[in-house]
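In case you want the letters, here they are:
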Amino acid sequence: MASVKPPTLNRDAVRLLSPLIGIQGRVAGRMLELIDVLAEGPRVALLDTTSPPEIRATQYGDPVSRQPRVLTLPVISETEADAHPVLRSLLPAPVLHDLRQLIRGGDGSNEI
C-alpha cells in the first residue's frame with residue numbers, strides 16, 4: 001500500500017517513541033526490547049533476547065563478537081495504514097494511539 005507520509009512523520013515518530021527505549025515485551029513467543037528509533041523510514045531497532053547469539057562482523061567480514069539478534073522494522077506497516085503489527089503488540093495503548101494519529105495524518109497537537 002503506497003501512501004504519502006506527512007513530512008514531519010519521521011521526526012514526530014522519533015520524538016514519540018524515543019522515551020520508550022528499553023521497553024520490553026513478548027511478541028509471538030519472542031522477548032523483544034526497543035533499543036533504538038531511527039528517523040530514516042522511520043524504523044525501530046528491537047533486540048531479540050530469546051534468540052541465540054549471532055556472530056557480528058566488521059564491514060570487512062572479520063568476526064568481532066556474539067550478540068543477540070537485532071531486528072529493524074518499519075514503524076508503519078507495509079500492508080496497511082497502521083503501526084507495524086509488532087509495535088501494535090509492544091507499545092502501551094496511549095503511545096499506540098498517538099502513533100496511529102501521526103500515521104493517519106493528525107499531528108496530535110490538540111491532544112495530550
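These notes cover the structure that comes with them. (Residues numbered from 1 in each chain as written. Predicted model: local features only at pLDDT ≥ 70, side-chain atom pairs only at ≥ 80, totals over all residues. Heavy atoms only, no water.)

1. Quick look at the pattern of salt bridges
1) Next: Following the criterion strictly, the structure yields six salt bridges and no others.
2) Next: Of the charged contacts in the structure, one is a salt bridge between Asp48 and Arg30, with a shortest N-O distance of 2.3 Å. Note that Asp48 is positioned in strand 3 (residues 43-48) and Arg30 in strand 2 (residues 30-38), a separation of 18 residues in sequence.
3) Next: Its relative accessible area of 0% is what places Asp48 among the buried residues.
4) Next: Residue Arg30 is classed as partly exposed on the basis of its relative accessible area, which comes to 34%.
5) Next: Ionic contacts of the salt-bridge type, sharing partners, join the residues Glu80, Asp82, Arg88 and Arg100 into one network. (Salt bridge = Lys/Arg side-chain N within 4 Å of Asp/Glu carboxyl O. Helix = DSSP H or I, 4+ residues; strand = E, 2+ residues; numbered from the N terminus. Buried < 20%, exposed > 50% of the residue type's maximum accessible area, 1.4 Å probe, protein only.)

2. Here's the deal with helix 1 (residues 9-17)
1) Next: All buried positions along helix 1 are accounted for by Leu9, Asp12, Ala13, Leu16 and Leu17. For helix 1, the arc enclosing every buried residue in end-on projection is 120°, short of the 170-degree limit, so these residues lie on one face. Away from its buried face, by an angle of more than 90 degrees, helix 1 presents the exposed residues Arg11 and Arg15. (Arc of directions from axis to C-beta.)

3. Thoughts on the environment of Leu34
1) Next: If you trace the backbone, Leu34 turns up in strand 2.
2) Next: Under the relative-accessibility criterion, Leu34 is labelled buried at 3%.
3) Next: A sequence separation of 11 residues divides Leu34 from Ala45, and the C-alpha atoms of the two residues are 6.1 Å apart.
4) Next: Ignoring anything within four residues of it in the chain, the contact list for Leu34 reads Leu17, Leu20, Ile21, Gly22, Ile23, Val44, Ala45 and Leu46. (Contact = heavy atoms within 4.5 Å.)

4. Brief notes about helix 3 (residues 93-103)
1) Next: Considered for burial, the residues of helix 3 that qualify are Val95, Leu96, Leu99, Leu102 and Ile103. Axial view of helix 3: buried residues confined to an arc of 115°, hence all on one face. Those residues of helix 3 that are exposed and angled more than 90 degrees off the buried face are Ala93 and Pro94.
2) Next: The elements touched by buried residues of helix 3 are helix 1 and helix 2 (85-90).
3) Next: Looking one or two residues past helix 3, Gly105 carries a phi angle of roughly 100°, positive in sign.

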